[in-house]
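Residues per chain are reported as follows:
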Amino acid sequence: MQWYTDVIKKYAEFSGRARRKEYWMFVLFNAIIGIVLSIIDLVIGTKFGPNDSVGVLSGLYSLAVLVPGLAVSWRRLHDTGRSGWWYLINLVPCVGWIVFLVFAIQEGNAGDNAYGPDPKAAERFGGPGAGGEPGYPGYPPAPQA
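Time to look at helix H5 (residues 96-105). The α-helix winds at 3.6 residues per turn, so residues separated by three or four positions along the chain end up facing the same way. The set of residues buried in H5 consists of Gly96, Phe100, Phe103 and Ala104. Projected onto a plane normal to the axis of H5, the buried residues spread over an arc of 95° and lie on a single side.

Next up, the structure:
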């Protein structure tokens, strides 16, 4: 839940980088909350639109998290070394979302890039935030002093 609240706290921060875990945990919690609100809309009868496809609560929630969702997606693209404008690839019919999904799944660039410092540096190379462990499997161990 911390990953979700961190994204909400960075409401409209489009600069910097967002690691995969931050992005996908936000997507997961966002989906869970959306489903729960849709069920509540169905139960209390606040659905409207064609075929009762839109609920008041889920619609308001979607509007509330629109900007944080765009911002974390933008920062996720920055982590992979791409401009946030690549988000617009989603507008390409049929294949745009697949390309964006591939970008979002890719691991971020190790080390600093043009968009900021590596948000995963502590885990990759040890140090604060690494839980006192010398490194995680798949990453080089922290240099010992």
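Although it is not a glycine, Cys94 sits at a positive phi angle of roughly 70°. Residue placement: Cys94 occurs in the loop between helix H4 (66-79) and H5.

Another point: the nonpolar core. Judged by nonpolar contacts, the single largest core of 15 residues is most densely connected at Tyr4, Tyr23, Phe26, Tyr61, Val65, Val72 and Phe100. Counting residues per element, the ones that place at least two in this core are helix H1 (2-9), helix H2 (20-44), H4 and H5. Here this core gets 4 residues from one element, more than from any other, and that element is H2. The residues touching Val65, leaving out its near neighbours within four places in the chain, are Tyr4, Ile8, Phe26 and Asn30.

Calculation notes
- Residues numbered from 1 in each chain as written.
- Predicted model: local features only at pLDDT ≥ 70, side-chain atom pairs only at ≥ 80, totals over all residues.
- Heavy atoms only, no water.
- Buried < 20%, exposed > 50% of the residue type's maximum accessible area, 1.4 Å probe, protein only.
- Helix = DSSP H or I, 4+ residues; strand = E, 2+ residues; numbered from the N terminus.
- Arc of directions from axis to C-beta.
- Core = buried A, V, L, I, M, F, W, Y, C linked by side-chain atoms within 4.5 Å.
- Contact = heavy atoms within 4.5 Å.

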